[in-house]
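Descriptive analysis of the structure
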Amino acid sequence: MTKAHPVAPSLATSNWGKFDHTVMVLQGGGALGAYQAGIYAGLAEAGVAPDWIAGVSIGAINAALIAGNPPERRVARLREFWERVSAHAPFVPPVSLDAMRPIFNFMSAASSVAFGVPGFFAPRLAPPFTVSEEHLNTLSLYDTQPLGATLEQLIDFDLISSKAVRLSLGAVNVRSGNSVYFDNGKTRIGPEHVMASGALPPGFPAVQIDGEWYWDGGISCNSPLWYVVDEDYRKRRGAAVLICAIGDAKVVPTILSSGNHFGIRREASVGNA
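It should be emphasised that the depicted structure is a prediction, and the values quoted were computed from it without experimental measurement. (Residues numbered from 1 in each chain as written. Predicted model: local features only at pLDDT ≥ 70, side-chain atom pairs only at ≥ 80, totals over all residues. Heavy atoms only, no water.)

Another aspect to go through is the overall build of the protein. Within the protein, the regular secondary structure consists of ten helices and ten strands. For the protein, the exposed surface amounts to about 13,800 Å²; the carbon and sulfur share of it is 58%. (Helix = DSSP H or I, 4+ residues; strand = E, 2+ residues; numbered from the N terminus. Areas by Shrake-Rupley, 256 points an atom, 1.4 Å probe, with all protein chains shown as cover.)

In structure tokens form, the structure reads like this:
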């Protein structure tokens, strides 16, 4: 993440009005999730502190890194995670070599496919077709145990359980195909819940929680916006909802108020990354 320039809170938020809550919505999008980290760093410098974060896939990882650390440590933890998982990049070309950037990007992607990503996933020695169906946690091209260790190191799950910041992570139940949200207001969230939200097959294995198997929430819906709207929005007097849409959609701050509840729900649909 590049260093953001300080922004005066009054300039950043003066046009938003007053709201009881600030909600941050982080969708899926793989490596594009690095942009979400940069967006949060800018918001933090502007004095914007969400009290509810909802995430899917890579957005769930970023959400847990934010909710699972005290405010003064959040940006540093986000930076540490993204620097760790990008440490394998063979070469970052200077501006003078921009014309060759597609080649370097291809080399970086090929390196990830062949050797995995440090602190995130590693290739399995045995191909998936040799694995018994009884062992769904190994039925994948890559092993995500390194991600579990990284989450344990960078996230304070006891802090998440304290509910200082509400955290909602979207996944898909493998058996039913339905979206499921792990919410720290209802469930004690651990590394397995974060990993379940990002368990995209066939690359990553399903994650078992309380006897059920879960896959990446983006299989059903790549944005957790609908959960924020349907789960609790109508109980609130007003909320500023910051939608970090990556991929084909623009990154925009969207304000929700009781008067335009259904209209915003249609307008704020974001494309899958």
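Mapped onto the elements of the fold, S140 is located in the loop between β3 (122-123) and β4 (142-143). A polar atom in the side chain of S140 sits 3.0 Å from the side chain of R124. (Polar contact = N/O pair within 3.5 Å; in protein donor to acceptor, adjacent residues only side chain to side chain.)

Okay, empty space enclosed by the protein next. Under the counting rule described, the total for this entry stands at one cavity of 30 Å³ or more. Of the pockets and cavities examined, the largest cavity occupies roughly 60 Å³. Around the largest cavity, the lining residues are I61, T144, L147, V194, M195, G198, A199, F204, P205 and V207. Classifying every residue of the lining of the largest cavity gives eight nonpolar, two polar and no charged. (1 Å grid on protein atoms, 1.4 Å probe; cavity = no way out; pocket = protein on both sides within 12 Å on 5 of 7 lines; lining within 4 Å. Points joined across faces, edges and corners; volume = space filled by probe spheres on them. Nonpolar A, V, L, I, M, F, W, Y, C, P; charged D, E, K, R; others polar.)

It is worth spelling out the UniProt feature "active site" (unreviewed entry) in the protein at this point. Per the UniProt record, the feature "active site" (unreviewed entry) sits at S57 and D216. The annotated residues occupy 160 residues of the chain but converge on a single region, no pair of C-alpha atoms lying more than 5.9 Å apart. For S57, the location among the structural elements is in the loop between β2 (52-56) and α3 (58-67). Take D216: it is sitting in strand β8 (residues 212-216). (UniProt positions renumbered as here; feature names shortened; annotations may be inferred.)

As a further point, take the nonpolar core. Formed by 46 residues in total, the largest nonpolar core has its most connected members in M24, I53, I61, F81, F120, L151 and L167. The element that contributes the greatest number of residues to this core is α3, accounting for eight residues. What F120 contacts, discounting residues up to four positions off in sequence, is I58, I61, F81, V85, D143, T144, P146, L147 and F204. V56, L225, Y227 and V241 belong to the second-largest nonpolar core, a separate cluster that totals 13 residues. (Core = buried A, V, L, I, M, F, W, Y, C linked by side-chain atoms within 4.5 Å. Buried < 20%, exposed > 50% of the residue type's maximum accessible area, 1.4 Å probe, protein only. Contact = heavy atoms within 4.5 Å.)

Now for the environment of P71. Structurally, the position occupied by P71 is in the loop between α3 and α4 (74-85). With 22 residues separating them in the primary sequence, P71 and A49 have C-alpha atoms 8.1 Å apart.

This brings us to unusual backbone geometry. Geometrically, the link from P201 to P202 is a cis peptide bond, its omega value of 0 degrees lying close to zero. Mapped onto the fold, P202 is located in the loop between α8 (191-197) and β7 (207-209). Of note, the phi angle at K163 is positive, near 65 degrees, even though the residue is not glycine. The phi torsion at D210 lies on the positive side, around 50 degrees, for a residue other than glycine. Counting through the fold element by element, D210 comes out in the loop between β7 and β8. With a relative accessible area of 77%, D210 lands in the exposed category.

Here the UniProt-annotated "short sequence motif: GXGXXG" (unreviewed entry) positions come out as residues 28-33. In residues 28-33, helix accounts for 17% and strand for 0%; the two terminal C-alpha atoms are 7 Å from one another.

Here we take up the packing of aromatic side chains. Within this structure, the stated rule accounts for eleven aromatic pairs. Taking 5.5 Å as the distance between ring centres and 85 degrees as the angle between the ring planes, the aromatic pair formed by Y181 and W226 counts as edge-to-face. In this pair, Y181 sits in strand β6 (residues 179-183) while W226 sits in helix α9 (residues 225-231), placing the two residues 45 residues apart along the sequence. Residue class for Y181 comes out buried when judged on its relative accessible area of 14%. Among the residues examined, W226 registers a relative accessible area of 30% and is labelled partly exposed. Among the aromatic residues, those joined into a ring-pair cluster are F81, W82, F120, F121, Y142 and F204. (Phe/Tyr/Trp six-rings, centres within 6.5 Å; stacked < 30°, edge-to-face > 60°.)

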